[in-house]
Amino acid sequence: MSFEVRKLGIMGGTFDPIHYGHLVTAEAVRTEFDLDQVVFVPSGLPPHKDPATITPPQHRYLMAVLATLTNPHFEVSRVDIDRPGVTYTVDTLADLRREYGPEVEFYFITGADALAEIFSWKNAEELVRECTFVGATRPGFTLEHLSPEVEEFYHRNAASFRFIEVPALAISSTDLRRRIREGRSLRYLTPEEVVFYIKKNGLYRKTGENGPEEGGTA
Ligand code: NAP
């Protein structure tokens, strides 16, 4: 099914692996901001991560495709995994701008933790002019612990930031990876198709393989 897209949500993340917290976030932001479509964009190589600690992009991409299959408003894009080198959001937005055209309004959706570092991202000042950033917060998240530098950046660009609390983000990729290593169930934390895919491909079984250690950034 295709829609005329005037307002596009861009779900940026590593999705290692994707889970219901991500899906609920995307749907909540879509309805809250009246978005026509949300495109999930799995990162190729995030700037702050060791490639050896994340699952190969093709697996993360395919799990995102399986997880989003039944929502006609969700798509998955390969732009970040097909672009060689480190993934910078400025390049993600440029690629999607070429694809969707100059008139479409962009909403970049990601974890509020990740957004707290945006002042240090490549071309940060350009990014906040190009789109609205929506930070999804886990229950209990506050902006109080932000450094003065980050607070100043947020206040100066306040019109470009929104935050939305998503209780379903009590689910985390870190917890899913830990559960797999410990042989515990993933049922009701991510779609069954993703659980089957993980099992079939033997992902996340060993500590330090196919995912950061506990206490890592995911
Ligand atoms: P991350 O450090 O892996 O994640 C930070 C936190 O945000 C984690 O708690 C994570 O939970 C959560 N999270 C990540 N994506 C989410 C989403 N779409 N919705 C809800 N929660 C989310 O962050 P990352 O995945 O590397 O980066 C997030 C996005 O920011 C990516 O698109 C990345 O390319 C972009 N980014 C760009 C730059 C740059 O341009 N310099 C730098 C850093 C990040 P889970 O582990 O459960 O997902």
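Source: prediction; values computed, not measured.

(A) Region of the structure containing the nonpolar core. Core analysis: the largest hydrophobic core is formed by 35 residues, its most contacted members being Ile-18, Val-38, Phe-40, Met-63 and Ile-198. Those residues in contact with Phe-40, other than ones at most four positions away along the chain, are Met-11, Phe-15, Ile-18, His-22, Leu-23, Ala-26, Thr-68, Phe-74, Glu-75, Val-76 and Ser-77. Grouped together as the second largest cluster of nonpolar side chains are 25 residues, Val-41, Leu-96, Phe-133 and Phe-161 included.

(B) Unusual backbone geometry, seen in detail. Asp-16 connects to Pro-17 through a cis peptide bond whose omega is 0°. Within the fold, Pro-17 resides in the loop between strand E1 (7–13) and helix H1 (20–32). One non-glycine residue, Phe-15, adopts positive backbone phi at about 50°. Assignment of secondary structure puts Phe-15 in the loop between E1 and H1. The exposure class assigned to Phe-15 is buried, which follows from its relative accessible area of 4%.

(C) Region of the structure containing the packing of aromatic side chains. Counted under the stated rule, the structure contains 10 aromatic pairs. Centroid distance Phe-15 to Phe-40: 5.8 Å. Interplanar angle 50°. Geometry classified as tilted. Of the two residues, Phe-15 is situated in the loop between E1 and H1 and Phe-40 in strand E2 (residues 37–42); the sequence distance between them amounts to 25 residues. Judged by its relative accessible area of 0%, Phe-40 falls in the buried class. Their ring planes at 45° and their centres at 5.5 Å tell us that Phe-33 and Tyr-107 sit as a pair that is tilted.

How each quantity is defined
- Residues numbered from 1 in each chain as written.
- Predicted model: local features only at pLDDT ≥ 70, side-chain atom pairs only at ≥ 80, totals over all residues.
- Heavy atoms only, no water.
- Core = buried A, V, L, I, M, F, W, Y, C linked by side-chain atoms within 4.5 Å.
- Buried < 20%, exposed > 50% of the residue type's maximum accessible area, 1.4 Å probe, protein only.
- Contact = heavy atoms within 4.5 Å.
- Helix = DSSP H or I, 4+ residues; strand = E, 2+ residues; numbered from the N terminus.
- Phe/Tyr/Trp six-rings, centres within 6.5 Å; stacked < 30°, edge-to-face > 60°.

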